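Single-letter residue listing:
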Amino acid sequence: MSLYLRYFDRETLVSTVDEAIDFLRDIDEIDVDAELEADIREYVASNVYYPKRYKIQPRVYFIIIKTDAATMQDFKEKKALHTPDNPQPKNSSVMNRLTEVCPGWYEGCLDFKRVLMVPGTGKFQYRDTQFVARVKAESGLDCYERIVEHLREQVDDRSQFPSAKGKNFKFRYLGKAKM
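Residues numbered from 1 in each chain as written. Predicted model: local features only at pLDDT ≥ 70, side-chain atom pairs only at ≥ 80, totals over all residues. Heavy atoms only, no water.

> Please clarify how the overall build of the protein should be interpreted in this entry.
A count of helical and extended segments in the protein gives 5 helices and 7 strands. When the elements of the protein are put in sequence order from the N terminus, they spell out β-β-α-α-β-β-α-α-β-β-α-β. Residues counted as buried form 35% of the 179 residues belonging to the protein. A fraction of 53% describes how many contacts in the protein between residues 6 or more apart in sequence connect residues 24 or more apart. (Helix = DSSP H or I, 4+ residues; strand = E, 2+ residues; numbered from the N terminus. Buried < 20%, exposed > 50% of the residue type's maximum accessible area, 1.4 Å probe, protein only. Contact = heavy atoms within 4.5 Å.)

Here it is as structure tokens:
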């Protein structure tokens, strides 16, 4: 693993933490104290791969990026990008669980923005509202669609419903439905 460091137009690609700290010490504007050095060593030792930004002055930073690139040219051409151990998209498990067909009873909980009239003023406002229902459905997505279909008939058309994939919809499978 290599480290890419940049401070304005000064940049380098080094292979050790000591080389990175030496590079930073050569820059007059950066005061490399024991705390900064310890933080850089901790970042390099961790398994975190996103870039780390260090504040020097208000709106002035230097960055460190972990990379598998052997040369600066490889880094610039993005030939050595780090790929996570599990390249599966983060939301794929949510979508798999949501669309998994398992007919039966579901309990769905939906947090949405409901339009309500304010008494006295006659004006309308959005209110955070939670709706919980038990429905007979084929999947979590079917549960969501049935709940939203019901709510659209009951509330103002301007009410806003979240995505089934978001954090504002939760469901749990209760069991098989008796036929």
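There is more to say, and it comes next.
> Hey, could you run me through the nonpolar core in this one?
Counting residues in hydrophobic clusters, the biggest one holds 20 residues, and the most contacted among them are Leu5, Leu24, Ile30, Ile40, Phe62 and Ile64. If you list the elements that add at least two residues to this core, you get strand 1 (2-7), helix 1 (17-25), helix 2 (34-45) and strand 4 (60-67). At 5 residues, helix 1 tops the list of elements feeding residues into this core. With near-sequence residues (within four places) excluded, Phe62 lies in contact with Arg6, Tyr7, Leu24, Ile30, Leu36, Ile40, Lys52, Arg53, Tyr54 and Ile56. (Core = buried A, V, L, I, M, F, W, Y, C linked by side-chain atoms within 4.5 Å.)

> Just checking my understanding: could you explain the side chain of Thr12 for this structure?
Position of Thr12 relative to the elements: it lies in strand 2 (residues 10-14). Given the relative accessible area of 17%, Thr12 is considered buried. Setting aside anything within four residues of it in sequence, one finds Thr12 in contact with Leu3, Tyr4, Leu5, Phe23 and Met72.

> Explanation requested: a negative patch on the surface in the structure shown.
A surface patch of negative charge is lined by Glu19, Asp22, Asp26, Asp28 and Glu29. Positionally, Asp28 belongs in the loop between helix 1 and helix 2. Asp28 gets classed as exposed once you look at its relative accessible area, which sits at 74%. (Patch = residues over 30% accessible without salt bridge, like charges linked within 9 Å, V, L, I, M, F, W, Y side chains within 5 Å. Areas by Shrake-Rupley, 256 points an atom, 1.4 Å probe, with all protein chains shown as cover. Salt bridge = Lys/Arg side-chain N within 4 Å of Asp/Glu carboxyl O. Lys, Arg positive; Asp, Glu negative; His and termini not counted. Charge placed at Lys NZ, Arg CZ, Asp CG, Glu CD.)

> How should the sheet that holds strand 2 be read in this particular structure?
Hydrogen bonds between backbone atoms are what pair the strands of a sheet, whose relative direction is either parallel or antiparallel. Across the sheet, 4 strands lie side by side as 2-1-4-3; this open sheet has antiparallel pairing. Strand pairing shows two members of the sheet lacking a second neighbour, strand 2 and strand 3 (52-57), which therefore form its edges. This sheet shows a mean twist of 15° between the axes of neighbouring strands, independent of strand direction. Along the sheet, helix 2 contacts strand 1, strand 3 and strand 4; its crossing angle with strand 4, the most-contacted strand, is approximately 30°. (Pairing = 2+ DSSP bridges. Axes fitted to C-alpha atoms, helices over the stretch in contact; angles between N-to-C directions.)

> In this structure, what is going on with the pairing of strand 3? I would like to understand it.
The two faces of the sheet receive side chains in turn, since in a regular strand these alternate between them. Note that strand 3 and strand 4 share 5 bridges and pair antiparallel. Looking at the pairing, Arg53 lines up with Ile63 of strand 4. Connecting strand 3 to the next strand, strand 4, in antiparallel fashion are 2 residues, including Arg59 with a positive phi near 65°.

Keep in mind these numbers describe shape, not what the thing actually does.
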